[in-house]
Amino acid sequence: MKSTVLSALAGLFLLSSCVTPPKENLGANYLAGLGGPVPTAPQQLGVAEPVSYWDDDGSQGESYIVVDLRRQVAEFYRAGHVIGVAAISSGTEMRATPSGDYKILEKDIDHVSSSYGHVEDSSGNSVNNDATPRSSVPAGGKYVPAPMNFFMRLTWDGVGMHQGYLPGYPASHGCIRMDRNVVPKFYENAYVGMPVKVIR
């Protein structure tokens, strides 16, 4: 009987130790003093959380964006709480999105890539979906730069946030592709100089 009770108590202890901890709040140390919670990362690396929404409550205060590469989400914060979330697709392992602290350097609603695109044949069929401006083009065909609507530049060497295809895992050349349903709201409410933190 005594060993059964001890076994049950040990089991309860083990179960209670598996509870997911609440999101940590680093306060003034986070994002150079802007404050805000740190997202809790799931166990799998690079699997997108299929949740996107915009819920602006009209609050006032400092705004910033946190891009979580592990969770594959971007979160828009104002006054220390989330008002928008976008599912994302970041860079592949070979072309990883760099983590770190950034500021939005420029905004361009109709931006196109200067580095990547696809090649079409004379009938308009895509014959190379991972092309560069130097890729060979068949007779009568053309190179088409990749559209990057709602582009918010983070680095001068090409990394930014923009609307794009989301397969549910990291698949870009390094940019942060965002859900087309909410990226217009991120773009509208973001500003040049706005802090963006990219975390792994």
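Our subject is the structure that appears above.
These numbers come from a predicted model, not from an experiment. (Residues numbered from 1 in each chain as written. Predicted model: local features only at pLDDT ≥ 70, side-chain atom pairs only at ≥ 80, totals over all residues. Heavy atoms only, no water.)

A.B. asks: Any details on the overall build of the protein? Residues and values, ideally.
C.D. replies: When helices and strands are tallied, the protein shows 2 helices and 15 strands. Taking contacts inside the protein between residues at least 6 apart in sequence as the whole, the part at least 24 apart equals 61%. Just so you have it, the protein exposes about 11300 Å², and 54% of that area is on carbon and sulfur atoms. (Helix = DSSP H or I, 4+ residues; strand = E, 2+ residues; numbered from the N terminus. Contact = heavy atoms within 4.5 Å. Areas by Shrake-Rupley, 256 points an atom, 1.4 Å probe, with all protein chains shown as cover.)

A.B. asks: So what about the nonpolar core? Which residues, and what values?
C.D. replies: Core analysis: the biggest nonpolar cluster contains 25 residues, and Ile65, Val67, Met152, Met161, Met178, Phe186 and Val196 have the highest contact counts within it. Within the residue set of this core, elements represented by two or more residues are β4 (63-68), β5 (73-78), β6 (81-89), β14 (176-178), α2 (183-189) and β15 (195-199). Apart from the residues within four sequence positions on either side, Val67 is in contact with Val73, Ala74, Ile88, Met161, Ile176, Val196, Lys197, Val198 and Ile199. (Core = buried A, V, L, I, M, F, W, Y, C linked by side-chain atoms within 4.5 Å. Buried < 20%, exposed > 50% of the residue type's maximum accessible area, 1.4 Å probe, protein only.)

A.B. asks: Kindly report on the sheet that holds strand β9 (residues 112-120), identifying the contributing residues and their values.
C.D. replies: Read from one edge of the open sheet, 3 strands run β10-β9-β11, paired in antiparallel fashion. Each having just a single partner strand, β10 (126-131) and β11 (142-147) make up the two edges of the open sheet. Across the sheet, the mean angle from the axis of one strand to that of its neighbour is 35°, orientation sign disregarded. As defined by bridge partners, β9 adjoins β11 across 5 bridges and the pair is classed as antiparallel. Its bridge partner lying in β11, His118 is registered against Val144. (Pairing = 2+ DSSP bridges. Axes fitted to C-alpha atoms, helices over the stretch in contact; angles between N-to-C directions.)

A.B. asks: A description of the environment of Val198 should follow, citing residues and the corresponding values.
C.D. replies: As for its placement among the helices and strands, Val198 is situated in strand β15. Residue Val198 is classed as buried on the basis of its relative accessible area, which comes to 3%. Separated by 132 residues in the primary sequence, Val198 and Val66 have C-alpha atoms spaced 5.9 Å apart. With residues near it in sequence (within four places) discarded, Val198 still touches Val67, Leu69, Thr97, Pro98, Ser99, Gly100, Tyr102, Leu154 and Ile176.

A.B. asks: Could you give an account of the packing of aromatic side chains, naming the residues involved and the relevant values?
C.D. replies: Given two aromatic rings, one states the distance between the centres and the angle between the planes to describe the pair. The final tally for this structure, using the stated rule, is 5 aromatic pairs. Ring centres of Tyr64 and Tyr77 lie 5.0 Å apart, and the angle between their planes is 5°; on these two criteria the pair is classed as stacked. Remark: Tyr77 occurs in strand β5 and Tyr64 occurs in strand β4; sequence separation between them is 13 residues. Of the two residues, Tyr64 and Tyr77, both sit in the buried class. (Phe/Tyr/Trp six-rings, centres within 6.5 Å; stacked < 30°, edge-to-face > 60°.)

A.B. asks: Hey, could you go over the pattern of salt bridges for me, with residue numbers and the actual values?
C.D. replies: This structure, assessed with the given rule, holds 7 salt bridges. Where Asp56 meets Arg78, a salt bridge forms, and the shortest distance between an N and an O atom there is 2.7 Å. Note that Asp56 is positioned in the loop between β3 (53-54) and β4 and Arg78 in strand β5, a separation of 22 residues in sequence. Overall, Asp56 belongs to the partly exposed group, its relative accessible area being 33%. Classification of Arg78 as buried rests on a relative accessible area of 10%. A salt bridge links Lys197 to Asp101; the shortest N-O distance between them is 2.9 Å. Linking Lys197 in strand β15 with Asp101 in strand β7 (residues 100-103), this pair joins segments that are 96 residues apart in sequence. (Salt bridge = Lys/Arg side-chain N within 4 Å of Asp/Glu carboxyl O.)

Note that every value here comes from positions in space, so none of it alone points to a role or purpose.
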